[in-house]
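Fold and contact review
Letter by letter, the chains look like this.
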Amino acid sequence: EDQVTQSPEALRLQEGESSSLNCSYTVSGLRGLFWYRQDPGKGPEFLFTLYSAGEEKEKERLKATLTKKESFLHITAPKPEDSATYLCAVQEAGTASKLTFGTGTRLQVTL
Amino acid sequence: NAGVTQTPKFQVLKTGQSMTLQCAQDMNHEYMSWYRQDPGMGLRLIHYSVGAGITDQGEVPNGYNVSRSTTEDFPLRLLSAAPSQTSVYFCASSRGVSGNTIYFGEGSWLTVV
């Protein structure tokens, strides 16, 4: 059974204070690892897909990396508008686009 | 281009009532799915469809029915609502069945009293 564990559950940063979110996963054959951002009262918004160990992707202040057991979402010099819940999900090979989600990391960035 | 559209946004039901959550996508995506999101738990897959006329069960299918008569629409039916079905429901779609970006709707908040 696929498992996804995200840590920490919550993270409070000051503006400009860089940090990383962790996503540990167990899956029989990884087809893709997905990162989403979710704002209160909204649906998950797609950020990145990573397909193989060693892959990295960047978008503005966010950078996602992948190893065989975990993924990190690095946030460089965050701003208050980066405050959200960040969700990690894995897709097992041959499972018709079904995602197994972690419980998320709630990020708050203060001035 | 509206993406994935869900209705209603909010609904309150009494125990035992039935209702349908609507989901439509305008991206011509083959794959559609329904998830529920509960506090302290990740999104969990209820049902999914890989194309018109084809549906299958996800992780938590009990108490829900789906059908897929067109590519665009994928309604979720609650046959006899229970308080345990109080949750936020998200519809999602993607092109193809594996590895492609999965897009989510804005959610439907359902309370069963």
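Let us look at the structure shown here. Please read all numbers here as calculations on a predicted model, not as lab measurements. (Residues numbered from 1 in each chain as written. Chains lettered and ligands numbered in written order. Predicted model: local features only at pLDDT ≥ 70, side-chain atom pairs only at ≥ 80, totals over all residues. Heavy atoms only, no water.)

What to know about the overall build of chain A
Counting its regular elements, chain A contains 0 helices and 11 strands. Starting at the N terminus, the α and β elements of chain A follow one another as β-β-β-β-β-β-β-β-β-β-β. Taking 2.2 N^0.38 as the reference for a compact globule, 111 residues should give roughly 13 Å; the C-alpha atoms of chain A span a radius of gyration of 13 Å, in line with that estimate. Taken over the C-alpha atoms alone, chain A extends approximately 45 × 30 × 20 Å along its principal axes. Counting all 111 residues of chain A, 47% fall into the buried class. Summarising the internal contacts of chain A: among those between residues at least 6 apart in sequence, 54% fall at separations of at least 24. Charge-centre separation for chain A: the mean point of 13 positive side chains lies 2 Å from the mean point of 15 negative side chains. (Helix = DSSP H or I, 4+ residues; strand = E, 2+ residues; numbered from the N terminus. Rg over C-alpha atoms; globule rule 2.2 N^0.38 Å. Buried < 20%, exposed > 50% of the residue type's maximum accessible area, 1.4 Å probe, protein only. Contact = heavy atoms within 4.5 Å. Lys, Arg positive; Asp, Glu negative; His and termini not counted. Charge placed at Lys NZ, Arg CZ, Asp CG, Glu CD.)

Description of the interface of chain A and chain B
With 20 residues of chain A in contact, the opposing surface of chain B contributes 24 residues. Carbon and sulfur atoms supply 54% of the area buried between chain A and chain B, which totals about 1,700 Å² over both sides. Where chain A touches chain B, the interface holds 1 salt bridge. Going through the elements one at a time, strand E4 (30-38), strand E5 (45-50) and strand E9 (84-92) of chain A are the ones with two or more residues in the side of chain A that touches chain B. (Buried area = accessible area lost by both parts, 1.4 Å probe. Salt bridge = Lys/Arg side-chain N within 4 Å of Asp/Glu carboxyl O.)

Some words on the pattern of salt bridges
Residue and element names in this part refer to chain A. In total, this model carries 7 salt bridges over all chains according to the counting rule given. A salt bridge links Asp82 to Arg61; the nearest nitrogen and oxygen atoms lie 2.8 Å apart. One end of the pair, Asp82, is in the loop between strand E8 (70-75) and E9; the other, Arg61, is in the loop between strand E6 (56-59) and strand E7 (62-66), and 21 residues separate them in sequence. Residue Asp82 is classed as buried on the basis of its relative accessible area, which comes to 6%.

Structural notes on the sheet that holds strand E8 (residues 76-78) of chain B
Whenever strands of a sheet pair, they do so through backbone hydrogen bonds, lying parallel or antiparallel. Residues and elements named next belong to chain B. Spatial ordering of the open sheet is given by E1-E3-E8-E7, a layout of 4 strands whose pairing is antiparallel. Only two strands of the sheet have a single neighbouring strand rather than two, namely strand E1 (4-7) and strand E7 (64-66). Adjacent strand axes in the sheet meet at a mean angle of 20°, parallel and antiparallel pairs treated alike. Pairing of E1 with strand E3 (residues 19-25) involves 4 bridges; the strand directions are antiparallel. Note on E3: the bridge partner recorded for Thr7 is Gln22. (Pairing = 2+ DSSP bridges. Axes fitted to C-alpha atoms, helices over the stretch in contact; angles between N-to-C directions.)

Comments concerning the state of the cysteines
Two cysteines form a disulfide when their sulfur atoms are joined by a covalent bond. Under the counting rule described, the total for this entry stands at 2 disulfides over all chains. Residue pairing for Cys23 of chain A: its cysteine sulfur links by disulfide to Cys88 of chain A, the two sulfurs lying 1.9 Å apart. With the S-S bond torsion at -65°, the cross-link from Cys23 of chain A to Cys88 of chain A turns out left-handed. On the criterion of sequence distance, the pair formed by Cys23 of chain A in strand E3 (residues 19-26) and Cys88 of chain A in strand E9 is long-range, its members being 65 residues apart. Judged by relative accessible area, Cys23 of chain A falls into the buried class, the value being 0%. With its sulfur 1.9 Å from that of its partner, Cys23 of chain B forms a disulfide with Cys91 of chain B. Between Cys23 of chain B and Cys91 of chain B the disulfide shows an S-S torsion of about -75°. By sign, it is left-handed. Of this pair, Cys23 of chain B sits in strand E3 while Cys91 of chain B is found in strand E9 (residues 87-94), placing the two residues 68 residues apart along the sequence. (Disulfide = S-S within 2.5 Å.)

Structural notes on the sheet that holds strand E1 (residues 3-7) of chain A
Residue and element names in this part refer to chain A. Pairing is antiparallel across the open sheet formed by 5 strands, whose spatial order is E1-E3-E8-E7-E6. Where the open sheet ends on each side, the last strands, each with one partner, are E1 and E6. Averaged over all pairs of adjacent strands, the angle between strand axes in this sheet comes to 15°, irrespective of strand direction. Note: E7 against E8, 5 bridges, orientation antiparallel. Bridge assignment links Leu62 to a residue of E8, and that residue is Ile75.

Considerations on the packing of aromatic side chains
Inspection of every chain in the model, using the stated rule, returns 11 aromatic pairs over all chains. Seen from their ring centres, Tyr36 of chain A and Phe46 of chain A are 5.9 Å apart, and the 75° between their planes marks the pair as edge-to-face. With a gap of 10 residues between them, Tyr36 of chain A in strand E4 and Phe46 of chain A in strand E5 connect regions that are remote in the sequence. With a relative accessible area of 0%, Tyr36 of chain A lands in the buried category. Classification of Phe46 of chain A as partly exposed rests on a relative accessible area of 24%. Pairing Phe101 of chain A with Phe104 of chain B gives two aromatic rings, centres 6.0 Å apart and planes at 75°, and the pair type is edge-to-face. Here the residue Phe101 of chain A occupies a position in strand E10 (residues 100-101), and Phe104 of chain B occupies one in strand E10 (residues 103-104), the pair thus bridging two chains. Comparing Phe101 of chain A with Phe104 of chain B, the two get one shared label, buried. (Phe/Tyr/Trp six-rings, centres within 6.5 Å; stacked < 30°, edge-to-face > 60°.)

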